[in-house]
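In case you want the letters, here they are:
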Amino acid sequence: MHPINDKRTCCGCEACAAICPKQCIRMEEDDEGFRYPVTDPSVCIDCGLCERICPEQQPAAARTPMECYAARARDAETCASSSSGGIFPLLAAETIRAGGVVFGAAFTPEGEVVHRKATTLEEIRPLTKSKYVQSRLDGCYNEVAALLREGRRVLFTGTPCQIAGLYAFLRGRHSELLLTAECLCHGAPSPGLWRRYLREIGSGRRILRIDFRDKSRGGWRDYALTLHTEDGIRSLPARKDPYMQGFLRELTLRPSCYACPFKLGRSGSDLTLCDLWNVAEAAPAFDDNRGVSLVLANSAAGAERFRALDTEHAALRYDGHVRARNGGFSEQVAAHPLREAFFRELARTNSVVALLRRTIRPTLWQRLRRRFRKRFTPDPHNP
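All right, on to the overall build of the protein then. Secondary structure assignment for the protein yields 14 helices and 13 strands. For 383 residues, the compact-globule estimate of 2.2 N^0.38 gives 21 Å, and the C-alpha radius of gyration of the protein, at 21 Å, lies within 12% of that figure. Judged by the C-alpha coordinates and their principal axes, the protein covers about 65 × 50 × 45 Å. Across the 383 residues in the protein, those meeting the buried criterion constitute 55%. Taking contacts inside the protein between residues at least 6 apart in sequence as the whole, the part at least 24 apart equals 69%. For the protein, the exposed area adds up to about 18,100 Å²; of that, 50% sits on carbon and sulfur atoms. In the protein, 57 side chains carry a positive charge and 45 a negative one; their mean positions are 5 Å apart.

A few words on the environment of Ala-188. By the element assignment, Ala-188 lies in the loop between strand S7 (178-183) and helix H7 (191-202). On the basis of relative accessibility, which here comes to 10%, the residue Ala-188 falls in the buried class. For the pair Ala-188 and Tyr-258, spaced 70 residues apart in sequence, the C-alpha separation works out to 9.9 Å. Once residues lying within four places of it in the same chain are set aside, the contact partners of Ala-188 are Phe-34, Gln-134, Thr-252, Leu-253, Arg-254 and Cys-257.

What follows concerns the sheet that holds strand S9 (residues 224-229). The antiparallel open sheet is built from three strands, whose spatial order is S8-S9-S10. Single-partner strands in this sheet number two, and they are strand S8 (207-214) and strand S10 (232-237). Averaged over neighbouring strand pairs, the angle between their axes works out to 10° when direction is ignored. The sheet contact formed by S9 and S10 spans six bridges and is antiparallel. Within S10, the residue paired with Thr-226 across the bridge is Ser-235.

Leaving glycine aside, a negative phi is the common case for residues, and trans is the common case for peptide bonds. Of note, the phi angle at Ser-203 is positive, near 55°, even though the residue is not glycine. As for its position among the elements, Ser-203 is in the loop between H7 and S8. The phi dihedral of Glu-250 is positive, around 65°, even though this residue is not glycine. For Glu-250, the position within the fold is in the loop between helix H8 (242-248) and strand S11 (271-275).

This brings us to the packing of helix H12 (residues 339-346) against helix H13 (residues 352-360). Put simply, H12 and H13 touch, their axes get as near as 11 Å, and they point 160° apart. If you check the angle between H12 and H13, you find them roughly antiparallel. Crossing geometry of H12 relative to H13 is assigned as right-handed. Contacts between H12 and H13 involve Phe-342, Glu-345 and Leu-346 from the first element and Val-352, Leu-355, Leu-356, Arg-358 and Thr-359 from the second. In terms of residue class, the contact of H12 with H13 is built from five nonpolar, one polar and two charged.

Taken as a whole and judged by the stated rule, the model has 25 salt bridges. For the salt bridge of Arg-153 with Glu-94, the shortest nitrogen-to-oxygen distance reads 3.0 Å. Remark: Glu-94 occurs in helix H4 (residues 87-97) and Arg-153 occurs in the loop between helix H5 (140-149) and strand S6 (154-158); sequence separation between them is 59 residues. With a shortest N-O distance of 3.1 Å, Glu-143 and Lys-117 are connected by a salt bridge. With a gap of 26 residues between them, Glu-143 in helix H5 and Lys-117 in strand S5 (residues 113-118) connect regions that are remote in the sequence. Each of Glu-29, Glu-112, Arg-136, Asp-138 and Arg-195 takes part in salt bridges that share partners, so that together they form one network.

For any pair of aromatic rings, the description consists of the separation of the ring centres together with the inter-plane angle of the planes. Scanning the entire structure with this criterion turns up 17 aromatic pairs. On the basis of an interplanar angle of 25° and a centroid distance of 6.1 Å, the ring pair of Phe-107 and Phe-212 is categorised as stacked. Of this pair, Phe-107 sits in strand S4 (residues 101-107) while Phe-212 sits in strand S8; the two residues are 105 residues apart in sequence, bridging distant segments of the chain. Note on accessibility: Phe-107 and Phe-212 belong to one class, buried. Ring pairs connect the aromatic residues Phe-107, Tyr-132, Trp-194, Tyr-197, Phe-212, Tyr-243 and Phe-247, which therefore count as one cluster. For Arg-213, the ring lying beneath its charged end belongs to Tyr-223, and the centroid distance is 4.4 Å. For the cation-ring pair, Arg-323 lies above Tyr-318, with the distance from its terminal atom to the ring centre recorded as 4.8 Å.

What counts, and at which threshold
Residues numbered from 1 in each chain as written. Predicted model: local features only at pLDDT ≥ 70, side-chain atom pairs only at ≥ 80, totals over all residues. Heavy atoms only, no water. Helix = DSSP H or I, 4+ residues; strand = E, 2+ residues; numbered from the N terminus. Rg over C-alpha atoms; globule rule 2.2 N^0.38 Å. Buried < 20%, exposed > 50% of the residue type's maximum accessible area, 1.4 Å probe, protein only. Contact = heavy atoms within 4.5 Å. Areas by Shrake-Rupley, 256 points an atom, 1.4 Å probe, with all protein chains shown as cover. Lys, Arg positive; Asp, Glu negative; His and termini not counted. Charge placed at Lys NZ, Arg CZ, Asp CG, Glu CD. Pairing = 2+ DSSP bridges. Axes fitted to C-alpha atoms, helices over the stretch in contact; angles between N-to-C directions. Parallel < 35°, antiparallel > 145°, perpendicular 65-115°, else oblique. Left-handed = near helix turned anticlockwise from the far one by under 90°. Nonpolar A, V, L, I, M, F, W, Y, C, P; charged D, E, K, R; others polar. Salt bridge = Lys/Arg side-chain N within 4 Å of Asp/Glu carboxyl O. Phe/Tyr/Trp six-rings, centres within 6.5 Å; stacked < 30°, edge-to-face > 60°. Lys NZ or Arg CZ within 6 Å of the ring centre and 35° of its normal.

Structure below.
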C-alpha cells in the first residue's frame with residue numbers, strides 16, 4: 001500500500017496516482033492547501049508500483065548544462081506578451097506546426113491552475129506566462145504516454161518535480177519524440193491559499209484574466225500581479241502585492257520546496273527556462289527592461305531545438321555570473337521564520353490579505369538595513 005508521504009519531502013508530482021493500476025490513489029488538499037496522495041486500502045492490491053516509481057526514491061545527480069544562452073524572441077510582440085524572453089511560445093508553436101502536442105499550465109475560469117494540452121496555435125496562449133501556484137496535472141502523464149505511443153511529438157513543460165514525475169511515470173519508455181522544458185522554480189505556493197486570496201481580492205466578481213507577470217506598466221523588472229474582472233482591473237507591483245511577497249520571501253511554499261531534490265538538471269529536462277535577472281552584468285546588450293530569458297540546454301536534443309528558434313541570443317558561460325540574483329538555483333532555502341505560525345492562523349483568519357501583510361511586514365531592523373543598502377549601493381540601471 002502506498003503510504004501518505006512525508007510532507008517534508010512529497011513534491012506532489014502525482015506520478016504515484018497516475019501509475020496506480022487500480023486508481024486507488026487520489027490527491028487531497030491538506031490544511032495548508034497542498035495536495036498529497038491518499039490511498040484507498042479497500043482497493044489497493046499492494047503491488048508497490050507507486051513506491052517504485054516515486055521520483056523522490058530515485059535521486060539523480062546534478063548536471064552541468066551543455067549550452068547556456070541569453071535569449072529572447074525576435075518578434076517584439078511575443079516577447080512583450082511573455083514573462084521574460086518569450087522562448088516557450090516559440091518552442092510550443094514549432095511543436096504544433098510539426099504536428100505535435102504541447103502541455104503546460106493554464107488558468108481555469110475560476111482562477112485555479114491546471115495542466116492542459118494545446119494542439120493548435122490559438123491554444124498556446126493560455127499556457128504562456130508564469131503562474132505562481134502549484135498546478136494540478138489531472139491525468140496529463142497518461143495523455144503524454146498515449147500520444148508518444150501514437151508517434152506524436154510532445155513538448156511537456158512544468159516545474160522540475162513535474163518533469164521528474166513524468167520521466168518516472170514513463171519508466172524509460174520515452175523516445176526522441178518527447179522534449180521537456182522546466183521552469184527554474186523558486187518554489188510552489190499553496191493552491192488553497194491562492195484560491196482564498198483570489199476570492200478576497202476579486203470580491204466574487206467574474207474573472208476575465210490573471211497575469212502574475214504584467215510588464216505593461218513597470219516593464220520586466222518591476223512587473224505586477226494584475227487581475228482583470230468584469231468590474232475593472234486590480235494591479236499591484238510584485239514588491240507591494242502581499243501574495244507575491246509571501247511567495248518571494250519563502251513564506252507560502254510547499255514543505256518539500258525548501259530542500260528540492262530536482263533542481264540543477266536533476267529532473268532530466270532537456271531545457272531549463274528562466275529569467276536572466278543579472279542581465280546588466282551577464283549580457284548587457286539585452287539590458288533594456290523588455291525581458292530576457294536564460295536558456296540552459298541540458299541535452300543535445302534541447303540544444304538543437306533551441307537553436308532552430310527565431311531568437312536573438314548570445315552564448316554565455318555557465319557560472320555564478322549568470323546565476324546571480326535568481327533564487328531558483330538554490331537547492332535549499334530557509335523557510336520564512338513565521339511559516340508554521342502563518343499556516344496555523346490561515347485556517348481561522350477571515351482575511352488572507354491582512355494575514356499576509358502582518359506576516360511579511362519587515363522588522364524595524366530590516367527596514368533600516370534596506371534603506372541603508374538602497375542609499376549606498378549603486379544601481380547599475382541608474383548610474
